[in-house]
Amino acid sequence: MKPVTIPSPHSPASRLPAPTADVVLPCLNEAAALPWVLERIPPGWRAVVVDNDSTDGSGDIARALGATVVHEPRRGFGAACHTGLAAAVADVVCFCDCDASLDPALLVPFVREIQEDRADLVLGRRRPHHRRAWPAHARLGNLALSRMLRRRTGLRLNDLGPLRAARRGKLLELALTDRRNGYPLQMVVRAADAGWRVTEHDVPYLPRTGTSKVTGTWRGTWQTVRDMRRVLLEPPASTTPTATSAHGPGGRAAREGARR
């Protein structure tokens, strides 16, 4: 088992009662990582493991460990995430990778920020705790996408990481359509277009268990960047702003970024 130290900024919040939420965990052959991940789901929360057609018995393991398991036969990170969102029932829904690189317990202050109406979408900025946690090519791809996102929306984010939280109903209103690797970015882009308040907080990033299916290789990273570039070229969604953006009143920065 990997030791995880939650950063001190989260320590005061961890002494408060944990808010309830559903945690969507897209899963493709993560049998070795599942016990580590599921034992860190906060008490009272529900783990929704989306078995993306695994061949290593991940679904059975997750079910035996008490998780709610749904099956999504269409391969794709976005397909798994959206199936999990549809299966969620809690007001606040979180997303977390299922490879033991991120600790689900770090989501407690994220959910509290949503429930206290201080943000509409909370993202985790990954901070590697080991040089093996984040390969150089994956970091470069993430940096390039963050800059493109800034030009498109005006959001000054540093990462497009998978650890995040938002209200389920609002997420469904975004009508996300990407079912591949562009799903996390499309969520942020459409949230910005809708004037959401988007915040970002540092989280420790650990070496994953097993081999990455997305950014473990240059080819996988390039495919991810290509999927996300396609999302950035989409015209702004015709959504009505539902909140004041953290980066400008009424999402103005997002709309101005879209025109550039």
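Keep in mind it's a predicted model, so treat the numbers as computed, not measured.

Parameters at a glance
- Residues numbered from 1 in each chain as written.
- Predicted model: local features only at pLDDT ≥ 70, side-chain atom pairs only at ≥ 80, totals over all residues.
- Heavy atoms only, no water.
- Helix = DSSP H or I, 4+ residues; strand = E, 2+ residues; numbered from the N terminus.
- Buried < 20%, exposed > 50% of the residue type's maximum accessible area, 1.4 Å probe, protein only.
- Polar contact = N/O pair within 3.5 Å; in protein donor to acceptor, adjacent residues only side chain to side chain.
- Phe/Tyr/Trp six-rings, centres within 6.5 Å; stacked < 30°, edge-to-face > 60°.
- Lys NZ or Arg CZ within 6 Å of the ring centre and 35° of its normal.
- Salt bridge = Lys/Arg side-chain N within 4 Å of Asp/Glu carboxyl O.
- Contact = heavy atoms within 4.5 Å.
- Pairing = 2+ DSSP bridges.
- Axes fitted to C-alpha atoms, helices over the stretch in contact; angles between N-to-C directions.
- Disulfide = S-S within 2.5 Å.

Caption draft 1: The side chain of Thr153, seen in detail. Along the chain, Thr153 turns up in helix α6 (residues 136–153). Taking relative accessible area as the criterion, Thr153 reaches 1% and is therefore assigned buried. At 3.1 Å, the side chain of Thr153 and the backbone nitrogen of Leu155 are in polar contact.

Caption draft 2: Expanded view of the packing of aromatic side chains. Per the counting criterion, the structure on display carries zero aromatic pairs. Above the ring of Tyr205, the side-chain terminus of Arg126 is found at 5.2 Å from the ring centroid.

Caption draft 3: Region of interest: helix α8 (residues 183–193). In terms of residue burial, α8 counts as a mostly covered element, since eleven of its eleven residues are buried. Within the sequence span of α8, burial applies to Tyr183, Pro184, Leu185, Gln186, Met187, Val188, Val189, Arg190, Ala191, Ala192 and Asp193. Phi turns positive, to about 80°, at Gly195, one or two residues after α8.

Caption draft 4: Quick peek at the pattern of salt bridges. Overall, the coordinates contain 15 salt bridges when judged by the stated rule. Across the pair Arg63 and Asp60 runs a salt bridge whose closest N-O atoms are separated by 3.2 Å. One end of the pair is Arg63 and the other is Asp60, both in helix α3 (residues 58–64) and three residues apart, which spans about a single turn. We classify Asp60 as exposed; its relative accessible area is 56%. In this structure, the salt-bridge partner of Arg190 is Glu234, at a minimum N-O distance of 3.6 Å. Here Glu234 lies in the loop between α9 (218–232) and α10 (252–259) and Arg190 lies in helix α8, a separation of 44 residues in the sequence. For Arg190, a relative accessible area of 14% gives the class buried.

Caption draft 5: Expanded view of the side chain of Asp99. With respect to the helices, strands and loops of the structure, Asp99 is situated in the loop between β4 (92–95) and α5 (108–115). On the basis of relative accessibility, which here comes to 6%, the residue Asp99 falls in the buried class. Dropping the residues within four chain positions of it, Asp99 is found in contact with Glu30, Ala33, Arg208 and Thr209.

Caption draft 6: Representation of the environment of Ala87. Structurally, Ala87 is set in helix α4 (residues 77–87). For the pair Ala87 and Val69, spaced 18 residues apart in the sequence, the C-alpha separation amounts to 9.4 Å. If sequence neighbours within four positions are ignored, Ala87 has contacts with Arg46, Val48 and Val70.

Caption draft 7: Fine view of the sheet that holds strand β1 (residues 22–27). The sheet built from seven strands is open, its strands ordered β3-β2-β1-β4-β6-β5-β7 with mixed pairing. Only two strands of the sheet have a single partner each, and these edge strands are β3 (68–71) and β7 (198–205). Each adjacent strand pair in this sheet contributes to an overall mean axis angle of 20°, direction not counted. Where β4 and strand β6 (residues 164–167) come together, four bridges link them in antiparallel fashion. Opposite Cys94, over in β6, you have Ala165 as the bridge partner. The strands touched by α5 are β4, β5 (121–128), β6 and β7; relative to β6, the strand with the most contacts, the crossing angle is about 25°.

Caption draft 8: Region of the structure containing the state of the cysteines. As enumerated under the stated definition, the model contains zero disulfides in all. Unpaired in terms of disulfides, Cys27 finds its nearest cysteine sulfur in Cys98, a separation of 4.3 Å. The class for Cys27 is buried, based on a relative accessible area of 1%.

Caption draft 9: A look at the environment of Arg127. Along the chain, the position of Arg127 falls in strand β5. Judged by relative accessible area, which is 36%, Arg127 ranks as partly exposed. Between the alpha carbons of Arg127 and Asp159 there is a distance of 9.7 Å; along the sequence they are 32 residues apart.

Caption draft 10: A look at the pairing of β1. With six of its six residues buried, β1 lies for the most part within the structure. On β1, burial covers both faces: Asp22, Val24 and Pro26 on one face and Val23, Leu25 and Cys27 on the other are all buried. Pairing analysis gives six bridges linking β1 to strand β2 (residues 46–51), with the strands arranged parallel. When the sheet's bridge partners are listed, Cys27 is paired in β2 with Asp51. Judged from the three bridges that link them, β1 and β4 form a sheet pairing that is parallel.

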